[in-house]
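Examining the three-dimensional arrangement
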Amino acid sequence: MTAFTLPSTHGRVVTVLGGGVLGRRIACAWAASGFDVTIRDPSAEQRIAAKHYCDTSMPQYSDSSRRGTVRAVEDMAASVSDAWLVIEAVPEKLPLKISTFAELETLAPGDAILCSNSSSLKSRDMVGGLRPQTRRRVLNMHYYMPPGNRIVELMTDGETDERIFPFLVERLREIGMHPFVARKESTGLIFNRLWAAIKREVLNILAEEVSTPEEVERMWKEMYVNNHSGPVAMMDAVGLDTVSFIEQHYIDEGG
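1. So, the layout of surface pockets
If you add up the space inside the largest pocket, you get close to 1,600 Å³. For the largest pocket, the lining is made up of 30 residues, of which Ile 198, Glu 201, Trp 220, Tyr 224 and Tyr 250 are closest to its centre. Elements with a minimum of two residues in the lining of the largest pocket: α7 (191-207), α8 (213-225), α9 (231-238) and α10 (240-254). The leading source of residues in the lining of the largest pocket is α7, at nine residues. Each residue belonging to the lining of the largest pocket can be placed in one class, and the counts come to 22 nonpolar, four polar and four charged. Looking at the second largest pocket, its volume works out to about 160 Å³. For the second largest pocket, the full set of lining residues is Trp 195, Ile 198, Lys 199, Val 202, Leu 203, Leu 206, Pro 213, Val 216, Glu 217 and Trp 220. Where the lining of the second largest pocket is concerned, the elements lending two or more residues are α7 and α8. Among the elements that take part in the lining of the second largest pocket, α7 stands out by supplying six residues, more than any other. Here the residues of the lining of the second largest pocket are counted per class, giving eight nonpolar, no polar and two charged.

Pasting the structure below:
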């Protein structure tokens, strides 16, 4: 098996597969800071809308004096032929993602980093039929909703070359994103696991008629929007012994 080499970005493009609401925002984030971008979408309407969004929205993403170019194409092979980074933002359907990565293995350059924007599907589940040398350059790269939310989560497919992570963290910081790396594979990555617990309990509170949607919203905003501490710091402030006693009570009562 040949050694993996990190790709050069010089004279090459970032390719985003999918020009929908999130795909065009991902593309704009890179182009606004000087990277040339190709958007691939089979829909002519989406291609036009995605390019228009990028051409008119770059100042929201960066005040860089250097802007990248944006082109939108229909043909998959043409979109990835000179890519150093490919980010799939296609619909959240596993068979479609599996077939997309199979195409990328054939069409993209052998050193291109191949990313899935999925937050609910592990990239491991998309690459089982690929060659080992391809699986080493595949990972999750989950964006939220830039420019308002600039968090990007990175996660291995179980075989991703470790050198890719600091390389991508540096590139993402260059374009004003805030990267976080999951230390191991995790369905939902980092934040969506946290959010899953929150929304589950909100739904339980409402289903049990303990409170109303309006009261939950007001309480949440007062407690968290104006509080600049994160959940770990808040537990430290309460005291971990107290946190432990509270959690044990919940376990005793609810099983």
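2. Quick look at the packing of helix α1 (residues 21-31) against helix α2 (residues 44-61)
Interaxial distance between α1 and α2 falls to 8 Å at its minimum, and their mutual angle equals 45°. The pairing of α1 with α2 is recorded here as oblique in orientation. The two elements α1 and α2 cross, and the hand of that crossing is right-handed. Between α1 and α2, the contacting residues are Arg 24, Arg 25, Ala 27, Cys 28, Ala 29 and Ala 31 on the first element and Gln 46, Ala 49, Ala 50, Tyr 53, Cys 54, Ser 57, Met 58 and Tyr 61 on the second.

3. A few points about the pattern of salt bridges
Tallying each qualifying case throughout the model produces 11 salt bridges. Its salt-bridge partner being Lys 97, residue Glu 88 comes within 2.8 Å of it at the nearest N-O pair. You can call Glu 88 buried: its relative accessible area is 0%. Measuring nitrogen to oxygen at the nearest pair gives 2.5 Å for the salt bridge that ties Glu 185 to Arg 124. Of this pair, Glu 185 sits in the loop between β8 (178-181) and α7 while Arg 124 sits in the loop between β5 (113-116) and α5 (132-135); the two residues are 61 residues apart in sequence, bridging distant segments of the chain. Look at Glu 185 and you get partly exposed, because its relative accessible area is 22%. The exposure class of Arg 124 is partly exposed, given its relative accessible area of 41%. Overlapping salt bridges bring together Glu 88, Glu 92 and Lys 97 as one network.

Each value, and the rule that gives it
In this convention, every chain numbers its residues from 1, walking through the sequence in written order. Whole-chain, interface and lining totals are the exception, using all residues; otherwise, since this is a predicted model, local features are given only for residues with pLDDT of at least 70 and side-chain atom pairs are given and counted only at 80 or more. Excluding hydrogens and water, the side-chain values take into account all heavy atoms of the structure. Whether a set of points on the 1 Å grid over the protein atoms alone is a cavity depends on a 1.4 Å probe fitting there but being unable to get out, while an open set qualifies as a pocket with protein on both sides within 12 Å along at least five of seven lines; lining residues are those with an atom within 4 Å of a point. Grid points are joined across faces, edges and corners, and a volume is the space filled by probe spheres set on the points. Counting from the N terminus, the helices are the DSSP runs of H or I reaching at least four residues and the strands are the DSSP runs of E reaching at least two. Charged residues are taken to be Asp, Glu, Lys and Arg, nonpolar residues to be Ala, Val, Leu, Ile, Met, Phe, Trp, Tyr, Cys and Pro, and polar residues to be all remaining types, Gly included. Axis angles are defined between N-to-C directions and span 0 to 180 degrees, where every axis is a line fitted to C-alpha atoms and, for a helix, only to the segment in contact. Here roughly perpendicular refers to angles of 65 to 115 degrees, roughly parallel to angles under 35, roughly antiparallel to angles over 145, and oblique to all remaining angles. Crossing handedness: left-handed means the near helix sits turned counterclockwise from the far one by under a right angle, and right-handed means the same turn made clockwise. Residues are treated as being in contact if the distance between any of their heavy atoms lies within 4.5 Å. We define a salt bridge as a contact between a side-chain nitrogen of Lys or Arg and a carboxyl oxygen of Asp or Glu at a distance within 4 Å. Exposure is judged per residue with a 1.4 Å probe applied to protein chains only, and the accessible area is read against the type maximum: over 50% gives exposed, under 20% gives buried, and values in between give partly exposed.

Note that all results are geometric; they support no functional claim without further evidence.
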